[in-house]
Structure formats: C-alpha cells, structure tokens
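# What the coordinates show
Now for the letters of each chain:
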Number of protein chains: 2
Amino acid sequence: MRIGELAQRTGVSVPTIKYYTREGMLPAGERTSPNQVRYDESHVRRLKLIRAMLEVGGLSIAAVREVLVEVDTPGGTVHDMLGVAQLAVSRASAERGTAEERMLAEREVAELARRHGWNPAKAEKNPGWSMLVQIVTTYRDLGQGEMLVLLDRYAAAASELAAAELAVVGEMGSTDGKIEGVVLGTVLGDAAMAALRRIAQEDTSQRVAARAESA
Amino acid sequence: MRIGELAQRTGVSVPTIKYYTREGMLPAGERTSPNQVRYDESHVRRLKLIRAMLEVGGLSIAAVREVLVEVDTPGGTVHDMLGVAQLAVSRASAERGTAEERMLAEREVAELARRHGWNPAKAEKNPGWSMLVQIVTTYRDLGQGEMLVLLDRYAAAASELAAAELAVVGEMGSTDGKIEGVVLGTVLGDAAMAALRRIAQEDTSQRVAARAESA
C-alpha cells in the first residue's frame, strides 16, 4: 500500500509516519519507483504498536524509541525485552527523605522481597526497587505508615499475576509475538491494573458508604 | 516557624511556597507583624503531601490543585474524595478503534464487571471504565487478544486489594487522616503496585529463563 493508505488504516498522519521512519522507529518502505514507496502489514502493525505505547501506555516518544531499538535488535530474548520495557515505563523520581530514612526504607523493601521469595540481589537493579523505596519513605514521612501493611497484599497479588502473565506469553507462538506480548503486557498491564483498581475501589467504597447510611 | 525554616524542613523553595499559597494549594501563614509570617506543622504536612503527589505520584500541578480544593471543602466524605483522587490520577486518552470495536470492548468490560459483582451503572462514570475499554480495544487491534484472559486475574486481585485498602482507611482515626489516606492510597497505591509488578515479573522471568537454560 502507499503511504496515504497506511496513514488512513492506522490513524497516524503522513508527516508523523515520515518522522517515525527518520527516527528509526518504523522500517522504511520498499521503493518501487523514483517517487513511490510501498508499505505492508508489518508497517501497519508497527504503527499500531507505537500508538498503543504512546496513547494507552502514556510513554514518551523517547521511551518508545528505546523499546523499539531493542525489539529490532536480533537475538534479544523475552527476558531481555522485559527489562527494557520495564525501564521505559518506569518514571525516575527525585530521591526523597534523609539518608537514614532511605536506608530504613531500603531495609523494609529488602525484607518484603525476602518474605515473598524474591531474589533481592537481582531486584536491586530493577526500577521497581527504587520506586518502592520512595513510596515507603513517603508513607512514613507523611505519618501514613499504617498503609504499609498493604504492601504485602500488593506483593502477593503481583507474584500471582506475574506467574499468570509469563504463562500467557510463554504460550505465544513466535518469538516476535512473545516480545510484543511482553512489551504490551508491561505497558498496558500497568494501565489495566490501575483501571480495574478504580472500578473495584469505587464499588467497595460505595458499599461501605451505603452500609454507613443504613446503619 | 518562618518561611525559611518551612522551606528547609520540606525541601520546597521559598518562591515555590509562595506560588502554592497564591494558587490556594497551601493556606496562608499567620501574619504576626507587617513583614513576618508564621507557619506551623499543618503547613509542613501540606507541603509534604503536595510533594508526594507531584514527585512520587507523578500528578500535574493542575491535578494536585484539584485534589486539594476538594480536600479543603468542608463536609466532603471519604467516598467523595476517592472519586476526586481517582479522576486526578487517571490520564484521559484519545478514543481508539472504530465505533464497532469500541462497542464490542464495552460489552466485554461490562461482562467482566458483572462476573466480579461490580455494579456497572456506577462503574460507567468511573475513569477506570473508559481506560479499560481503550485497553481491550488495543489488545484486540494488535492481535494480542490472548492477553485478555489476564483481565479476570487483574480484576480478582483489584477486588481483594480494594477491600483491604478500604479497611485500612476505615480504621484511621480522624476524617482528615482518612481523606489523606484515600488520596495517598490512590496516588501512591498505583505506583506501589506497578513497582511490585516489576520486581515480581523480573523474578518470575529470571526463573523461567534459568529453567530454559538448564533444560
């Protein structure tokens, strides 16, 4: 198909398609004559993947580019891709609290990891680890330490979900499909979990409010 | 304390403190003489809450302001606050897919809600609902419909976690504490869950990779 049809099918404008190609995020089409370039289904799919990461996943263009460079590197494993996708969706945030508060929070996170059978040596290089240290420091700093009991519940749920997620990815046929599954699972999985938390929280809160009124 | 000490204790600069006050996010201090204003512990706490929402929760200034206006409105219930906090942390995203694809996705989400005993009439006004329709449309659009089986796992986990979260908030002493708990629980809870998912996913993926190597 020509670039106009590609634009129409994917909802991505022609200038944006050209921009993605220049940036190496979309492979160039096949030049069939001096002023004609052909695109195929692989381009449709790639543009849809880019849109999903940008619009549903909320990633920056830079983060999407980083993920795609890795996806396009031959020989990458599913495990490698998970690391890249995780880094891309993880927002770096400024360090909070004093050195002592951070040390205490790090110890707390290490104990949490041990309780759930996670290998802390590995976990320390994981973006989730520093995010969690920030969160623990923040809860403590604001005197909301009661909420930390929830971390064990979250951790147990995360363990169960990770096993289910990896199982689904493992059953996918091709390596390309698996890699795309990991990218989408990481990027959209966070969004899906957040969305479901909103609905479940409102439903639960509504029941609690209704009970309080009728009491 | 004076504004300089307030800045030092909270890590928020004097010009930023003045900006937050002008914007109505921080109550003005008490003027004790023509050129001296006193601040107290409530100001320290409020600035820490603002920093947490901005830096750890990743909210925009506009979203933080919206939440705080609601927090400061007398007579707000914990259930009201949950709604406001949820809207603030939910990123609106462009509609995806054709009208037909969206209708199918909406039906799928409604069925999911019914399976988990959620009241769909309520849920439709919830930001999670439209986020989820986007996600379902995206998975289908990218031919990754296999991943949709995970939504039931996410939903079951979200239900369990919501009950635990509301229980923790319910046990908090003061209404102010409860409202702050809901705000932080919503804003930081998403981040905590995302962080724990990273660690659990890497741990699980590492085990799978290790088994594959030794096989």
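See the structure above.
I will try to describe carefully the structure that is included in this document. Just so it is clear, the model here is predicted, and its values are computed rather than measured.

Let us now look at the nonpolar core. Grouped together as the largest cluster of nonpolar side chains are 138 residues, with contacts concentrated most on L196(A) and L196(B). The contacts of L196(B), once residues within four sequence positions are left out, are L112(A), W118(A), L132(A), L151(A), Y154(A), A155(A) and A158(A).

With that out of the way, let us pick up the interface of chain B and chain A. Tallying the contact residues gives 86 residues for chain B and 85 residues for chain A. Interface area for chain B against chain A, summed over the two sides, is near 7900 Å², with a carbon-plus-sulfur share of 65%. Taken together, chain B and chain A are joined by eight salt bridges. A salt bridge links D190(A) to R198(B); the nearest nitrogen and oxygen atoms lie 2.6 Å apart.

The next subject is the packing of helix α1 (residues 3-10) of chain A against helix α2 (residues 14-22) of chain A. Think of two packed helices as two axes; the pair is described by the angle between the axes and how far apart they sit. Residue and element names in this part refer to chain A. Closest axis-to-axis distance for the α1/α2 pair is 9 Å, and the angle between their directions is 100°. One finds that α1 runs roughly perpendicular with respect to α2. Judged by residue contacts, I3, G4, L6 and A7 of α1 engage V14, I17 and K18 from α2. Here the residues of the contact of α1 with α2 are counted per class, giving five nonpolar, one polar and one charged.

Empty space left among the atoms is revealed by rolling a probe the size of a water molecule over them. Within the structure shown, the criterion is met by six cavities of 30 Å³ or more. Its boundaries defined by the atoms lining it, the largest cavity holds a volume of some 120 Å³. Along its surface, the largest cavity is lined by 15 residues, and L82(A), E165(A), L166(A), V169(A) and V182(A) are the ones closest to its centre. Mapped onto the lining of the largest cavity, the elements with two or more residues apiece are α5 (78-89), α9 (149-170) and α10 (175-214) of chain A together with α9 (149-170) and α10 (175-214) of chain B. In terms of residue count, α10(A) provides more of the lining of the largest cavity than any other element does, four residues in total.

Rules used in this analysis
Sequence order as written defines the numbering, with residues in each chain counted from 1. Whichever chain is written first is A, and whichever ligand is written first is 1; the rest continue in order. With pLDDT at 70 or above as the cut-off, local features in this predicted model cover only qualifying residues; side-chain atom pairs require 80 or more to be listed or tallied, and sums for whole chains, interfaces and linings still use all residues. Computation of side-chain values covers all heavy atoms of the structure but excludes hydrogens and water. Note on terminology: a nonpolar core comprises buried Ala, Val, Leu, Ile, Met, Phe, Trp, Tyr and Cys residues joined through side-chain atoms within 4.5 Å. Exposed residues in this analysis have more than 50% of their type's maximum accessible area, buried residues have under 20%, and partly exposed residues fall in between, with area computed by a 1.4 Å probe over protein chains only. Here, two residues are considered to be in contact whenever any of their heavy atoms come within 4.5 Å of each other. The term buried area refers to how much accessible surface (probe radius 1.4 Å) is lost by two components on association, counted for both of them together. Any Lys or Arg side-chain nitrogen located within 4 Å of an Asp or Glu carboxyl oxygen qualifies as a salt bridge. For helices, the fitted line uses only the C-alpha atoms of the stretch in contact; every axis is such a line through C-alpha atoms, and the angle between N-to-C directions lies from 0 to 180 degrees. Each helix is a run of DSSP H or I of at least 4 residues and each strand a run of E of at least 2, with the numbering of both proceeding from the N terminus. Note on terminology: angles under 35 degrees are roughly parallel, angles over 145 are roughly antiparallel, angles of 65 to 115 are roughly perpendicular, and the others are oblique. The classification used treats Ala, Val, Leu, Ile, Met, Phe, Trp, Tyr, Cys and Pro as nonpolar, Asp, Glu, Lys and Arg as charged, and all other residues, Gly among them, as polar. Buried and open spaces are told apart on a 1 Å grid over the protein atoms alone, a cavity being a set of points where a 1.4 Å probe fits but cannot get out and a pocket being an open set with protein on both sides within 12 Å along at least five of seven lines. Residues with an atom within 4 Å of a point are the lining residues. Grid points are joined across faces, edges and corners, and a volume is the space filled by probe spheres set on the points.

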